[in-house]
Amino acid sequence: MGRAAAARKEPAGHRVREDLYSAAARVFARKGYATATVNEIVEMAGVTKPVLYYYFGSKAGIYKAILQKGFRDFETRVGAVEKMKGSASVRLRRLCDDMYALSHEHLDAVRLMHSIYYGPPQGAPFFDFDRVLFRFHGMVGKIVRQGVRSGEFRGNPEAMTLAVLGACNECIDLELVHPELAVDAAGFGRVMDVVLRGMERKDGR
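Residues numbered from 1 in each chain as written. Predicted model: local features only at pLDDT ≥ 70, side-chain atom pairs only at ≥ 80, totals over all residues. Heavy atoms only, no water.

**Overview of the confidence of the model for the protein chain**
Here's step 1: With 93% of its residues at a pLDDT of at least 70, the protein chain reaches an overall mean of 90.
Here's step 2: The element-level mean pLDDT for the protein chain is lowest in helix 1 (residues 3–31), coming to 75, with helix 2 (residues 38–45) highest at 96.
Here's step 3: In this model, residues 1–11 is a region of pLDDT below 50 whose contacts with residues beyond four sequence positions or in other chains number four contacts. (pLDDT = per-residue confidence, 0-100. Helix = DSSP H or I, 4+ residues; strand = E, 2+ residues; numbered from the N terminus. Contact = heavy atoms within 4.5 Å.)

If you want it as structure tokens, here you go:
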């Protein structure tokens, strides 16, 4: 295949993979891994079974690809905050805003992760969900401790870390289980403003 033909094929292939990602995430999130079928996934994606097998090999293959894609996006954003300069408050707000935005971009995948992590076994291939949990928890804690050392934050670092994580997780969980109570990005920002203001050092104390 010549370069021109390859260039035409790759964007089309990318779109097919993205369609399959989206369709599989929706099917898995709604039905669970065990009862979801390849037929349902390809029907929703508008492709045939051989197309899914070509790109992902199997139902297990596309399941793992969805989670790996989500983790790559997560790690990219956490890594960017890790390299940021500036105050602890600014970096912490950026991290939380990014996690909230990421959960919306991958809402079906997040719903799938919750069902596998917290629900009954579904026979799904192993994925290290704790790697995501501890990475986020660790990054929040690291920034909070830096803020305490610099004098920007006051209080117990462990308690402040849990307060930040609790606010983030509650806002994300509401979107998953009670969307009628969920906040939008602006509402999430107001929640984080309350939490961060409570952590700030005031009057030199």
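So much for the structure itself; the text now carries on.
**Describing the side chain of Lys-69**
Here's step 1: Mapped onto the elements, Lys-69 comes out in helix 4 (residues 59–82).
Here's step 2: Look past the residues within four positions of Lys-69 in its chain and what remains in contact with it is Glu-18, Tyr-21 and His-106.

**With respect to the packing of aromatic side chains**
Here's step 1: Counted according to the given criterion, the structure contains 11 aromatic pairs.
Here's step 2: With centroids separated by 5.9 Å and ring planes inclined at 90°, the aromatic side chains of Phe-28 and Tyr-63 adopt a geometry described as edge-to-face. Linking Phe-28 in helix 1 with Tyr-63 in helix 4, this pair joins segments that are 35 residues apart in sequence.
Here's step 3: A relative accessible area of 0% places Tyr-63 in the buried class.
Here's step 4: With a centroid separation of 5.9 Å and 40° between ring planes, the pair formed by Phe-71 and Phe-74 is classed as tilted. Separated by three residues within a single helix, Phe-71 and Phe-74 lie in helix 4, roughly one turn from each other. You'll find Phe-71 and Phe-74 in the same group, each marked buried.
Here's step 5: Every member of this aromatic cluster is reached through a ring pair, and the members are Tyr-21, Tyr-54, Tyr-55 and Phe-56.
Here's step 6: Its guanidinium or amino end placed over the ring of Tyr-33, Lys-59 lies 4.4 Å from that ring's centre, counting from NZ or CZ.
Here's step 7: Positioned above the aromatic ring of Phe-71, the side-chain terminus of Arg-131 is 3.9 Å from the ring centre. (Phe/Tyr/Trp six-rings, centres within 6.5 Å; stacked < 30°, edge-to-face > 60°. Buried < 20%, exposed > 50% of the residue type's maximum accessible area, 1.4 Å probe, protein only. Lys NZ or Arg CZ within 6 Å of the ring centre and 35° of its normal.)

**With respect to the environment of Gly-187**
Here's step 1: Looking at the element boundaries, Gly-187 is found in helix 9 (residues 185–199).
Here's step 2: Classification of Gly-187 as buried rests on a relative accessible area of 6%.
Here's step 3: Spatially, the C-alpha atoms of Gly-187 and Cys-171 are 9.2 Å apart, while their sequence positions differ by 16 residues.

**Thoughts on the packing of helix 2 against helix 3 (residues 49–56)**
Here's step 1: Interhelical geometry of helix 2 versus helix 3 gives an angle of 100° and a closest axis separation of 9 Å. Here helix 3 runs roughly perpendicular to helix 2, going by the angle between their axes. Along its contact with helix 2, which presents Val-38, Asn-39, Ile-41 and Val-42, the element helix 3 presents Lys-49, Leu-52 and Tyr-53. (Axes fitted to C-alpha atoms, helices over the stretch in contact; angles between N-to-C directions. Parallel < 35°, antiparallel > 145°, perpendicular 65-115°, else oblique.)

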